[in-house]
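These are the residues of each chain, in order.
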Amino acid sequence: MQLRPKPLAPSQPIETRGGSLIDFASYRGKVVLVNFWATWCAPCVYEMPSLDRLASSNNTDLVVLPIAVADGGKPVVEAFYHRLGLTHLGVYVDPDQQIGFFYEKNPGHGMFPLYALPITYFIDPHGRVAGYVPGVAHWNSPQAAALIRYLAKAG
């Protein structure tokens, strides 16, 4: 799903109550995949190895930012990564919905509506949120590579 107009990603760093620091401005010039997921979400578990393989690619113009929601903190995410053998993904948690939000009232003032889990938002090299893919995606597929190339050129 493409977004029009393309809103800007937050320019100020966000320190979540889960202890993660996320600075979208530091990723300017790159395509950023912001993937929201949870350890209890079966489709997320299925998708994570594909996301890890994408993060292991040598694409220096790409940032993969997996953000766990409502997962009990970094130790739970680290144990999950270890169990699945995920070695290329950063550990980010947003338990209070400061970045992504489930509820209409948006209690944590998040920017990204979480219509589904997993859901991946794309930020173009200029820092604009270009669109999203709800549900599972195969991130190391030719189609995903084409989407990333398109986003890099569109920026």
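Everything below is about the structure shown above.
What counts, and where the lines are drawn
Residues numbered from 1 in each chain as written. Predicted model: local features only at pLDDT ≥ 70, side-chain atom pairs only at ≥ 80, totals over all residues. Heavy atoms only, no water. Core = buried A, V, L, I, M, F, W, Y, C linked by side-chain atoms within 4.5 Å. Buried < 20%, exposed > 50% of the residue type's maximum accessible area, 1.4 Å probe, protein only. Helix = DSSP H or I, 4+ residues; strand = E, 2+ residues; numbered from the N terminus. Salt bridge = Lys/Arg side-chain N within 4 Å of Asp/Glu carboxyl O. 1 Å grid on protein atoms, 1.4 Å probe; cavity = no way out; pocket = protein on both sides within 12 Å on 5 of 7 lines; lining within 4 Å. Points joined across faces, edges and corners; volume = space filled by probe spheres on them. Nonpolar A, V, L, I, M, F, W, Y, C, P; charged D, E, K, R; others polar. Disulfide = S-S within 2.5 Å.

1. What to know about the nonpolar core
With 47 residues, the main nonpolar core has Phe24, Val34, Phe36 and Leu65 as its most contacted residues. Mapped onto this core, the elements with two or more residues apiece are β3 (31–37), α1 (42–55), β4 (62–68), α2 (74–84), β5 (92–93), β8 (119–123), β9 (129–134) and α3 (142–154).

2. Things to note about the pattern of salt bridges
The final tally for this structure, using the stated rule, is two salt bridges. Residue Asp96 is joined to Arg17 by a salt bridge in which the shortest nitrogen-to-oxygen separation is 4.0 Å. Here Asp96, found in the loop between β5 and β6 (100–101), pairs with Arg17, found in the loop between β1 (14–15) and β2 (21–22); they are 79 residues apart in sequence, far enough to count as distant. Judged by its relative accessible area of 60%, Arg17 is exposed. With its nearest N and O atoms 2.8 Å apart, the salt bridge here joins Arg128 to Asp124. Residue classification places Asp124 among the buried residues on the basis of a relative accessible area of 2%.

3. What to know about empty space enclosed by the protein
Counted according to the given criterion, the structure contains one cavity of 30 Å³ or more. The computed volume of the largest cavity comes to approximately 40 Å³. Lining the largest cavity are Ala9, Phe24, Tyr27, Arg28, Lys30, Val32, Ile123, Asp124 and Gly127. Residues that form the lining of the largest cavity fall into these classes: five nonpolar, one polar and three charged.

4. Here's the deal with the state of the cysteines
Under the criterion given, the structure shown has one disulfide. With its sulfur 2.4 Å from that of its partner, Cys41 forms a disulfide with Cys44. Between Cys41 and Cys44, the S-S dihedral sits near 75°, and the bridge is therefore right-handed. Given the relative accessible area of 6%, Cys41 is considered buried.

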